[in-house]
Amino acid sequence: MAKQPELIAASKISGDMFRRFAVFDTFYLKKRWKSPLLFLVLMTVFSAVCFLFRDRQRGAALLAGVLLGVGLILPLGYVLSFLLSVSKRAKLVNPNRIAYTLHIAQEQIRVLQNNNQITLHWSDVFRAYRVEDGIYLYVNPTRAFLITDPALMDAIWTIFTQQVAAERLFDRRRP
């Protein structure tokens, strides 16, 4: 097989892309929606139990209302706090600045960022997600690179499908 030329992708990350990535990473990949949902369900069950005893125990209906209110407000506050924090950070992102440059070849991936170079072998790829506006390349569960160049997206994904095991590739685009 003939050696394909190296693809060079300069990643410029917009505020919207940062926001979408943060939501994806936090709620989809790390599944941080589970704790607030579990809290909501438990508080709702406790509230229902208290409400069932409203005729037998004085103040049970009030306690049921308080538990239900807390069960709704705290998870909502968690999600809103996260979204506001991400929105605040997204406003600080300079969409014209190149965050890093990825040199993608058949043998390896080189990432150049602030005069630092990281060389990744294909076996180092933890996961890669193809989304509508880019590729999220995870080198471990906590570190990802966003590939944002629309002109190279299909060519880069083709190389990924050739070099990365299928169980580590996820196409999240809408059909």
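Residues numbered from 1 in each chain as written. Predicted model: local features only at pLDDT ≥ 70, side-chain atom pairs only at ≥ 80, totals over all residues. Heavy atoms only, no water.

What to know about the environment of R130
Along the chain, R130 turns up in strand β5 (residues 127-131). Of the residues examined, R130 reaches a relative accessible area of 6% and is grouped as buried. In the structure, R130 is positioned 58 residues away from L72 in sequence and 34 Å away in space, judged by C-alpha atoms. (Helix = DSSP H or I, 4+ residues; strand = E, 2+ residues; numbered from the N terminus. Buried < 20%, exposed > 50% of the residue type's maximum accessible area, 1.4 Å probe, protein only.)

Here we look at unusual backbone geometry
Even without being a glycine, K31 presents a positive backbone phi close to 55°. Checked against the element boundaries, K31 lands in the loop between α1 (15-29) and α2 (34-52). Positive phi is not limited to glycine here, since N114 has a value of about 50°. Relative to the helices and strands, N114 is located in the loop between β3 (108-113) and β4 (116-121).

Comments concerning the sheet that holds strand β6 (residues 134-140)
Taken in spatial order, the 4 strands line up as β7-β6-β5-β8 in an open sheet, and their pairing is mixed. Each having just a single partner strand, β7 (143-147) and β8 (169-171) make up the two edges of the open sheet. Between one strand axis and the next, the sheet turns through 15° on average, direction left out of account. Across 5 bridges, β5 lies against β6 in antiparallel orientation. Its bridge partner being in β6, Y129 is matched across the sheet by Y136. The sheet strands contacting α1 are β5, β6 and β7, and the helix crosses β6 at an angle near 50°. (Pairing = 2+ DSSP bridges. Axes fitted to C-alpha atoms, helices over the stretch in contact; angles between N-to-C directions. Contact = heavy atoms within 4.5 Å.)

A few points about a nonpolar patch on the surface
On the surface, a nonpolar cluster with roughly 920 Å² of combined accessible area is contributed by W33, L37, L38, V41, L42, V45, F46, V49, L52 and F53. Considering the arrangement of structural elements, one finds L38 in helix α2. (Patch = residues over 30% accessible without salt bridge, like charges linked within 9 Å, V, L, I, M, F, W, Y side chains within 5 Å. Areas by Shrake-Rupley, 256 points an atom, 1.4 Å probe, with all protein chains shown as cover. Salt bridge = Lys/Arg side-chain N within 4 Å of Asp/Glu carboxyl O.)

Some remarks on the sheet that holds β3
Strand order across the open sheet formed by 4 strands is β1-β2-β3-β4, with antiparallel pairing between neighbours. Because the sheet does not close on itself, it has two edges, and the strands there are β1 (7-12) and β4. The mean inter-strand angle of the sheet, taken between neighbouring strand axes irrespective of direction, is 20°. In this sheet, β4 lies alongside β3 in antiparallel orientation, the contact comprising 6 bridges. Looking across to β4, one finds that L112 is bridged to Q117. Lying on the sheet, helix α4 (residues 153-163) is in contact with β1, β2 (98-104) and β3; it crosses β1 at an angle near 115°.

What about the side chain of T26?
Tracing the backbone shows T26 in helix α1. Residue classification places T26 among the buried positions, given a relative accessible area of 8%. Within polar-contact distance, the side chain of T26 engages the backbone oxygen of A22 at 2.9 Å. Apart from the residues within four sequence positions on either side, T26 is in contact with K31, R32 and F82. (Polar contact = N/O pair within 3.5 Å; in protein donor to acceptor, adjacent residues only side chain to side chain.)

Considerations on the pattern of salt bridges
Tallied over the entire structure, the rule returns 6 salt bridges. The salt bridge partner of R19 is D16, with a shortest N-O separation of 2.7 Å. Separated by 3 residues within a single helix, R19 and D16 lie in helix α1, roughly one turn from each other. We classify R19 as partly exposed; its relative accessible area is 28%. Owing to a relative accessible area of 45%, D16 belongs among the partly exposed residues under this scheme. For R20, the salt bridge identified is with D133, shortest N-O distance 2.3 Å. Of this pair, R20 sits in helix α1 while D133 sits in the loop between β5 and β6; the two residues are 113 residues apart in sequence, bridging distant segments of the chain. Look at R20 and you get partly exposed, because its relative accessible area is 42%.

That's the geometry; what it means functionally is another story.
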